[in-house]
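Chain and residue survey
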Amino acid sequence: MEKKIRIGMLISGSGTNMEAIVKACEKGTINGDVVFVGSDNPAALGLKKAEKKKIPTFVVYYAEIIRNFKRAPEEHFFPDDFDLEDIKIKQSLIKKKTSTKKISTFIETRAIAEAALLEKMSAHPFDLLVLAGFMRNLTPYFIDRVNTTPGKPRIMNIHPALLPAFAGTDGYGDTFRHGCKVGGCTVHFIDYGEDSGPIIGQRSFPIEKTDTIESIRKKGLALEYKLYPECIRLFAEGRLTVVKMTYADAKGNLSQRSVVKIAQVQ
Ligand code: GAR
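In this text, all values refer to a predicted model and were calculated from it rather than measured experimentally.

Within the secondary structure, Glu-74 sits in the loop between helix H3 (62–71) and helix H4 (84–90). Considering only alpha carbons, one finds Glu-74 and Lys-88, 14 residues apart in sequence, at a separation of 20 Å.

Turning our attention to the side chain of Ser-12. Mapped onto the fold, Ser-12 is located in the loop between strand S1 (5–11) and helix H1 (16–27). Contact partners of Ser-12, with chain neighbours within four places excluded, come to Ser-39, Asp-40, Asn-41, Ala-44, Ala-132, Gly-133, Phe-134 and Met-135.

Turning our eyes to something else, we now look at the pattern of salt bridges. By the definition in use, this model includes 17 salt bridges. For Lys-90, the salt bridge identified is with Asp-144, shortest N-O distance 2.6 Å. One end of the pair, Lys-90, is in helix H4; the other, Asp-144, is in helix H6 (residues 140–146), and 54 residues separate them in sequence. On the accessibility criterion, Lys-90 (30% relative accessible area) is partly exposed. Note that Arg-203 and Glu-230 form a salt bridge whose closest N and O atoms lie 2.3 Å from each other. Linking Arg-203 in strand S7 (residues 199–206) with Glu-230 in helix H8 (residues 213–236), this pair joins segments that are 27 residues apart in sequence. The exposure class of Glu-230 is partly exposed, given its relative accessible area of 28%. Among the ionic contacts, a cluster of salt bridges with common partners joins Asp-170, Asp-174, Arg-177, Glu-214 and Arg-217.

Our focus in this paragraph is the site of the ligand. Taken together, 13 residues surround the ligand, and among them Ser-14, Gly-15, Thr-16, Asn-17 and Glu-224 come closest. One of the backbone nitrogen or oxygen atoms of Asn-17 is found 2.9 Å away from an oxygen atom of the ligand. Measuring from an oxygen atom of the ligand, one finds a side-chain N or O atom of Glu-224 at 2.9 Å. Broken down by secondary-structure element, the contributors of at least two residues to the shell around the ligand are H1, strand S5 (155–159) and H8. For the shell around the ligand, the class distribution of residues is 5 nonpolar, 7 polar and 1 charged.

Here we take up H8. The α-helix winds at 3.6 residues per turn, so residues separated by three or four positions along the chain end up facing the same way. Compared with an ideal rise of 1.5 Å per residue, which puts 24 residues at 34 Å, H8 spans 34 Å between its outermost C-alpha atoms and is within 8% of the ideal. Within two residues after H8, Gly-238 carries a phi angle of roughly 70°, on the positive side.

All of the buried residues along H3 are Tyr-62, Ile-65, Ile-66 and Phe-69. The buried residues of H3 occupy an angular sector of 95° when projected down its axis, which confines them to one face. Looking at the buried residues of H3, the elements they touch are helix H5 (100–121).

We now examine the state of the cysteines. Every disulfide links exactly two cysteines, by a covalent bond between their sulfur atoms. Here the structure, examined in full by the defined rule, presents 0 disulfides. Counting only cysteine sulfurs, Cys-185 is the nearest neighbor of Cys-231, a cysteine outside any disulfide, at a range of 8.8 Å.

A word on the nonpolar core. Ranked by size, the top nonpolar core spans 41 residues in total, and within it Met-156 and Ile-232 carry the most contacts. The biggest single contributor to this core is H8, with 9 residues. Those residues within four positions of Ile-232 in sequence are excluded, and the remaining contacts are Ile-5, Ile-7, Ile-21, Ile-30, Leu-128, Val-130 and Met-156. Counting residues in each nonpolar core, the second largest holds 33 residues, with Ile-65, Leu-129, Leu-131 and Leu-138 among its members.

So, how was this worked out
Residues numbered from 1 in each chain as written. Predicted model: local features only at pLDDT ≥ 70, side-chain atom pairs only at ≥ 80, totals over all residues. Heavy atoms only, no water. Helix = DSSP H or I, 4+ residues; strand = E, 2+ residues; numbered from the N terminus. Contact = heavy atoms within 4.5 Å. Salt bridge = Lys/Arg side-chain N within 4 Å of Asp/Glu carboxyl O. Buried < 20%, exposed > 50% of the residue type's maximum accessible area, 1.4 Å probe, protein only. Near = heavy atom within 4 Å. Polar contact = N/O pair within 3.5 Å; in protein donor to acceptor, adjacent residues only side chain to side chain. Nonpolar A, V, L, I, M, F, W, Y, C, P; charged D, E, K, R; others polar. Expected span 1.5 Å × (residues − 1). Arc of directions from axis to C-beta. Disulfide = S-S within 2.5 Å. Core = buried A, V, L, I, M, F, W, Y, C linked by side-chain atoms within 4.5 Å.

Written out as C-alpha cells, the structure reads:
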C-alpha cells in the first residue's frame, strides 16, 4: 500500500467540500490525512468545522493586508525572494492591457499575503495542497514555492463549471445566466492563469426549464463532493502525471498544452 498523503487545504467559506474530503480520508477512500486548513477569511464557517475535527487552522487576512497596503504602501516590506518583474512576465491572471500600476499593486499585495500563507504552511509539511472554495487567485510567487518538482504540480482546485467555460468567481451563476442546458464542475491543477490549469476530472448534470441558480448550485455541489475526493484519491495513488501535448488546429498551426494523464490500475 502507498504511503498516506498529507493534504493541506485552503478555504474561504462554508467548507462543505472540505468536509467531504475529510470524510473520504476518515473512511479510507483517500489514503491521506488533512494536516491543516487555512483561510483568507477569518469568518469562514469551514474553520470552525475543521477545529471541531481537531485539524490545525490558520488565517491570513487578505482583505486587511490589501487595505493596509493601499493606505500606506511605503510601510510594507516585500519578501526577500520577491521578484516583481519575473511574476509579471509569468502571470496570466490579469490582462496585459491593464495599467502597469494596477498589475503591480495586485501582484505586490498578493505576494505579501502569499508569503504569510507560506510561512503558516511551513509548520505543516504537506504533499498536496487542495483549494476547496478558496476565492483568491494565487500568483506565480506562491505557485513556484509549492510546485518545486518540474512536471509534478501539487495544487488542486475545484471550479463550479465545466472549464474552460465560465472561469471566475460565479461558475454556477454564469452557467445559469448563459442559458446552458448542461452544467458541471471541474477539478484541475493550478497554473499561472485563472482556472486554466490541466484538467483532472469533470462531472456534468442536465439543466431543466424549472432549474434556478440555487437548484443548479445544489446539483453541482452534490457532484463536487464525489468528484473532488475521487481526484485526490488518484493523486494519492500516484496515478496522475502532467504531460505536454502538441496539437494542430484547423489551420494546421501547432500549439502545446499541458494535460493530465491518468494511469490505469495495474
Ligand atoms: C464550491 O462550489 C466551489 O466549487 C466554489 O466555491 C464553492 C465552495 O463551497 N469554488 C470556486 O468558485 C473557486 N473559484 P464550500 O466552501 O462549501 O466547499
